[in-house]
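Remarks on the overall topology
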Amino acid sequence: MGYFSSSVGRKFFMALTGLFLVVFLLVHLIANLTLFGGPDAFNAASHFMGTNPLIQIMQPVLALGFVAHIIMGIILEYKNMISRPIGYIKNNANANSKWTSRNMIVTGLMIFAFLFLHIINYFIPFKTTEIHNHYEFVVELFKNPIYTFIYVIAFILLGMHLMHGFQSSLTTTGIRNRKYQKCIEQMGVAYSIIIAIGFSSIALWFYFVN
Ligand code: HEM
């Protein structure tokens, strides 16, 4: 426990849980993209995700990963806040760091709020009621302009969070080194854009086109 109560340990823990969530997001996006294939494709994917034993085992691990990442993020921000010298505000923040890296707690808490809504929208009804056509249930939400708007804003915030989080987690875990720095930065940018545009395209397609 000593290691994880140190500043380095906490950052390392954030990075590990963050990387785990990076993998989850990609799997979730790929499963959701089957919505473009129509009801049969998505219902089959949804059935697979809902019955595959490995996915079922991973669900509590995923919940734990999210909770741990969020709680540790709040602790990290709090510790930084109380140890930050007052003169910090006067620094030219834009010249020294990017907006995304300085506002991880802001984008993070907003994504957390979205997640809460999202679990109520989908996860709970899927687990507690008998839904025959998962496809219909999922796309129904995006007929509502308010939900579509909230979801797209959340995906943009998620993209911003990942823009810093992806490469930062690889630096902290030591995977990023000087030789691959540029490549990992580019991968981080590409990943963040794919996630933000990928999820948004689903919401916007079913709102405007379908
Ligand atoms: C267009 C975008 C999205 C759609 C249509 C969508 C759809 C769904 C659906 C249908 C479920 C229920 C799956 C089941 O229980 O079988 C679900 C679960 C979940 N979603 Fe999303 N989702 C989207 C974006 C996101 C994003 C961006 C995140 C994370 C920031 C996220 C996090 C989760 C989590 C944590 C669960 C519960 C765990 C799981 O069932 O795998 N989703 N989503």
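Just above, that's the structure.
1. Considerations on the overall build of the protein chain
- When helices and strands are counted, the protein chain shows nine helices and zero strands.
- Across the protein chain, helices and strands are ordered from the amino to the carboxyl terminus as α-α-α-α-α-α-α-α-α.
- Each principal axis of the C-alpha distribution contributes one length, and for the protein chain these read about 55 × 35 × 35 Å.
- Looking at the protein chain as a whole, 19% of its 210 residues are labelled buried.

2. Notes on the site of the ligand
- Around the ligand, the surrounding shell holds 19 residues, and the nearest of these are Tyr-122, Phe-123, Phe-126, Phe-199 and Ile-202.
- Taken together, the elements giving at least two residues each to the shell around the ligand come down to α1 (7-33), α2 (39-51), α3 (53-83), α6 (104-128), α8 (145-172) and α9 (181-209).
- Top contributing element to the shell around the ligand by residue count: α6, with six residues.
- Partitioning the shell around the ligand into residue classes produces 13 nonpolar, six polar and no charged.

3. What about α8?
- Over its 28 residues, α8 extends 40 Å from the first C-alpha to the last, a length consistent with the 40 Å expected when each residue adds 1.5 Å.
- A maximum bend of about 30 degrees is found in α8 at Leu-162.
- Looking one or two places after α8, you find Gly-174, whose phi comes out positive at around 85 degrees.

4. Regarding the nonpolar core
- By size, the foremost hydrophobic cluster in this structure holds 21 residues, and its most contacted members are Ala-154, Phe-155, Leu-158 and Phe-199.
- Only α7 (134-140), α8 and α9 provide two or more residues apiece to this core.
- The leading source of residues in this core is α8, at 10 residues.
- Phe-155 has contacts with Ala-196, Phe-199 and Ser-200, leaving out every residue within four places of it along the chain.

5. What to know about α3
- Taking 1.5 Å of rise per residue, 31 residues should cover 45 Å, and α3 covers 45 Å from first to last C-alpha, within 8% of that figure.
- In the structure, α3 departs most strongly from a straight axis at Gln-59, where the bend amounts to approximately 30 degrees and where the proline Pro-60 lies between one and four residues downstream.
- The element α3 is largely exposed, with a buried count of two among its 31 residues.

6. A closer look at the packing of α8 against α9
- Two numbers describe how α8 lies on α9: the axes approach to 8 Å, and their chain directions differ by 170 degrees. The pairing of α8 with α9 is recorded here as roughly antiparallel in orientation.
- The residue makeup of the contact of α8 with α9, split by class, is 20 nonpolar, six polar and one charged.

7. Brief notes about the environment of Arg-10
- Along the chain, the position of Arg-10 falls in helix α1.
- Separated by 66 residues in sequence, Arg-10 and Leu-76 place their C-alpha atoms 7.0 Å apart.
- Leaving out residues up to four positions away in the same chain, Arg-10 has contacts with Phe-4, Met-72, Ile-75 and Leu-76.

What counts as what
Each chain carries its own residue numbering, running from 1 in the written order of its sequence. For this predicted model, a pLDDT threshold of at least 70 governs which residues receive local features, and a threshold of 80 or more governs which side-chain atom pairs are given and counted, while totals over whole chains, interfaces and linings are taken from all residues. The helix count covers DSSP runs of H or I at least four residues long, the strand count covers runs of E at least two residues long, and both are numbered beginning at the N terminus. Counting other C-beta atoms within 10 Å of a residue's own tells you its class, since 20 or more makes it buried, 12 or fewer makes it exposed, and anything in between is partly exposed; those C-beta atoms are placed from the backbone. Residues are counted as near a molecule or strand when the C-beta atom, derived from backbone positions, lies within 6 Å of that molecule or strand. Amino acids are sorted into nonpolar (Ala, Val, Leu, Ile, Met, Phe, Trp, Tyr, Cys and Pro), charged (Asp, Glu, Lys and Arg) and polar (every other residue, Gly among them). Multiplying 1.5 Å by the helix residue count minus one yields the expected span of that helix. Two axes enter the bend calculation: one fitted to the seven residues ending at the residue in question, the other to the seven starting there, and the bend is the angle between them. Among buried residues, those of type Ala, Val, Leu, Ile, Met, Phe, Trp, Tyr and Cys that are joined through C-beta atoms within 7 Å form a set called a nonpolar core. A pair of residues counts as a contact when their C-beta atoms, built from backbone coordinates, are separated by no more than 7 Å. To get an axis, fit a line to the C-alpha atoms, keeping to the stretch in contact for a helix; angles then go from 0 to 180 degrees between the N-to-C directions. Should an angle lie under 35 degrees it is considered roughly parallel, over 145 roughly antiparallel, and from 65 to 115 roughly perpendicular; all remaining angles are considered oblique.

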